[in-house]
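Now for the letters of each chain:
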Amino acid sequence: MVSNLPVAKLFLLSFGSELPVAAIRVIGFFAAWVSLWLPLAIASTIILQKIKVLAASWQPFNPITTEQKLPLLASLYLIAPLVLWGANRVIGYSFADYGAIVNWSTLQFLGVGFGIGVVGLAILFGGQTVLGWVKWQQIPKQQIISVSLPILPLAIWISGIEELIFRGFVFTQLQQEYSVVISAAICSLIFALLHLIWEQTETKPQLAGLWLMGMVLVLARYINSGSLGLAWGLHSGWVWAIATLDTAGLVTYTGNAPEWITGKYGKPLAGIAGIIFLAATGAILWLVRRG
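Residues numbered from 1 in each chain as written. Predicted model: local features only at pLDDT ≥ 70, side-chain atom pairs only at ≥ 80, totals over all residues. Heavy atoms only, no water.

The name given to the chain in an unreviewed UniProt entry is Abortive phage infection protein, with Aliterella atlantica CENA595 as the source organism.

A. The arrangement of the overall build of the chain in detail. Each helix and strand in the chain was counted, giving 10 helices and two strands. Listing every helix and strand of the chain by position from the N terminus yields α-α-α-α-β-α-α-α-α-β-α-α. Classification of the 291 residues of the chain by burial places 41% in the buried group. Nonlocal contacts in the chain, meaning residues at least 24 apart in sequence, comprise 70% of its contacts between residues at least 6 apart. Within the structure as shown, the chain displays about 15100 Å² of accessible surface, and the carbon and sulfur contribution to it stands at 70%. (Helix = DSSP H or I, 4+ residues; strand = E, 2+ residues; numbered from the N terminus. Buried < 20%, exposed > 50% of the residue type's maximum accessible area, 1.4 Å probe, protein only. Contact = heavy atoms within 4.5 Å. Areas by Shrake-Rupley, 256 points an atom, 1.4 Å probe, with all protein chains shown as cover.)

B. Examining unusual backbone geometry more closely. The phi angle at Ser225 is positive, at roughly 60°, despite the residue not being glycine. The topology assignment puts Ser225 in the loop between α7 (207-223) and α8 (229-248). Take Ser225: its relative accessible area is 67%, and that puts it in the exposed class. Phi angles above zero are rare outside glycine, and Tyr265 is one such case at about 60°. Mapped onto the elements, Tyr265 comes out in the loop between α9 (259-262) and α10 (272-290).

C. Broad picture of the nonpolar core. Core analysis: the largest hydrophobic core is formed by 60 residues, its most contacted members being Phe29, Trp33, Ile165, Val170 and Trp238. Among the secondary structure elements, those contributing two or more residues to this core are α2 (21-50), α3 (66-91), α4 (104-130), α5 (141-174), α6 (180-194), α7, α8 and α10. When residues in this core are grouped by element, the largest group, 11 residues, is from α5. The residue makeup of this core includes at least three contributed by each of domain 1 (19-92) and domain 2 (100-290). Here Trp238 is in contact with Gly117, Leu121, Met213, Val216, Leu217, Phe277, Leu278 and Thr281, once residues within four sequence places are set aside. (Core = buried A, V, L, I, M, F, W, Y, C linked by side-chain atoms within 4.5 Å. Domains from an automatic or database assignment.)

D. Focus on the packing of aromatic side chains. One pass over the structure, following the stated rule, counts 12 aromatic pairs. Between Phe29 and Phe169 the ring centres are 4.9 Å apart and the planes differ by 45°, which places this aromatic pair in the tilted class. Pair noted here: Phe29 is in helix α2 and Phe169 is in helix α5, with a separation of 140 residues, a long-range link. Assessed through its relative accessible area of 0%, Phe169 is described here as buried. Each member of the aromatic cluster is reached from another via a ring pair, and the members are Phe29, Phe30, Trp33, Tyr77, Tyr93, Tyr98, Phe166, Phe169 and Phe191. Here the basic side chain of Arg167 rests over the ring of Phe191, its NZ or CZ set 4.3 Å away from the ring centre. (Phe/Tyr/Trp six-rings, centres within 6.5 Å; stacked < 30°, edge-to-face > 60°. Lys NZ or Arg CZ within 6 Å of the ring centre and 35° of its normal.)

E. The side chain of Ser183, seen in detail. Summarising the element assignment, Ser183 is placed in helix α6. The contact partners of Ser183, leaving out residues within four places of it in the chain, are Phe171, Leu174, Gln175 and Tyr178.

F. Seen up close, the UniProt feature "transmembrane region" (unreviewed entry) in the chain. Residues annotated in UniProt with the feature "transmembrane region" (unreviewed entry) correspond here to residues 22-48, 69-87, 107-132, 144-166, 178-198, 210-232, 238-257 and 269-288. Note that residues 178-198 is 71% helix and 0% strand, and that its end C-alpha atoms are spaced 29 Å apart. (UniProt positions renumbered as here; feature names shortened; annotations may be inferred.)

G. Representation of the pattern of salt bridges within the structure. Counting across every chain of the model gives three salt bridges. Lys267 serves as the salt-bridge partner of Glu202, at 3.7 Å between the closest nitrogen and oxygen. Highlighted residues: Glu202 in the loop between α6 and α7 and Lys267 in the loop between α9 and α10, separated in sequence by 65 residues. For Glu259, the salt bridge is made with Lys264, and the minimal N-O distance between the two is 3.6 Å. Accessibility expressed as a relative area gives 42% for Glu259, which makes it partly exposed. (Salt bridge = Lys/Arg side-chain N within 4 Å of Asp/Glu carboxyl O.)

And the structure:
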C-alpha cells in the first residue's frame, strides 16, 4: 500500500487548489485502486489463458465476455478493502465511518434487505407474467439450485464491496463538502458511469436505472442509521435474483410489450417497469422510515 501513497499525494499537490478535498480523496482512491489492480488483471488473464481456462485474454476497450469478466472482477474486488484500508491510514477514517460495522444488527438488516430485494423482483416479474410480457421456462429444480447456490456468495461479496466503496467511502467523503441529496446524486452518478467500463452497448440504456438504484441504496443506508446492512442486503438480493434468472435462462420476454417498458436487451433497469420498481422500493423504504 505504501507504493500507492505518492499517487494520492500527487493529486493533492496537482489539484489541491482547484478541487474540493472530498473530490481529491475520491479521485486519489480510484487512481490507487486501478494502478494496483491493472497488473493483477493482466497477469490473471494471461495465466488463465495459458492453462486454457479462458479462450481469449481481455483487451481494454474491446467487448468483454462473462468468462473474461469473472477473473477481472475477482481481482478487482479482492484488493478493494486493502486499498481502502490504505486510504484510511492516509485520511484518518475507519471502515466504521462508512457504515461497515460488523455486528448482529448489520447481519439482521442484511437478511431483511436481501428478502426485500428478492420479493420485490418476484413481484415485478410476477406482474409481467400476468400481463403476458414474460414467459417462464420449465427448468428442473435441481438445475436451478445448482446455478443459484454458487451465485449467492458471489452476489453477497460483490454487493458488499460496492456498498463499502460507493455508499460507504464515496458518499461519506462527498458529504464533507455537499448536502446529503447532492452527495447521493454525485455518488450514484459515479456508480452508474463506472459500469460502462465492462460493457457499453447494454449498459448505456441502463444508466438512468443504475443511477436511481444508487439513490435507493443511499436511502437504505440513511434509514438504517448510517449502517450499510440494509443497502448491502437489497443490493445482494437484486444481484443474486437477476444473475440466477439470466444464468439459468428462467424467463424470456414474449414481445407483447415494447422494450422501453420491459427493458432493452432484456435488462430490467433499461425499461420503465424497472424504473417504477426502483422508485416504488424507495418510496416504501421512505414510508417505513417515516412510520
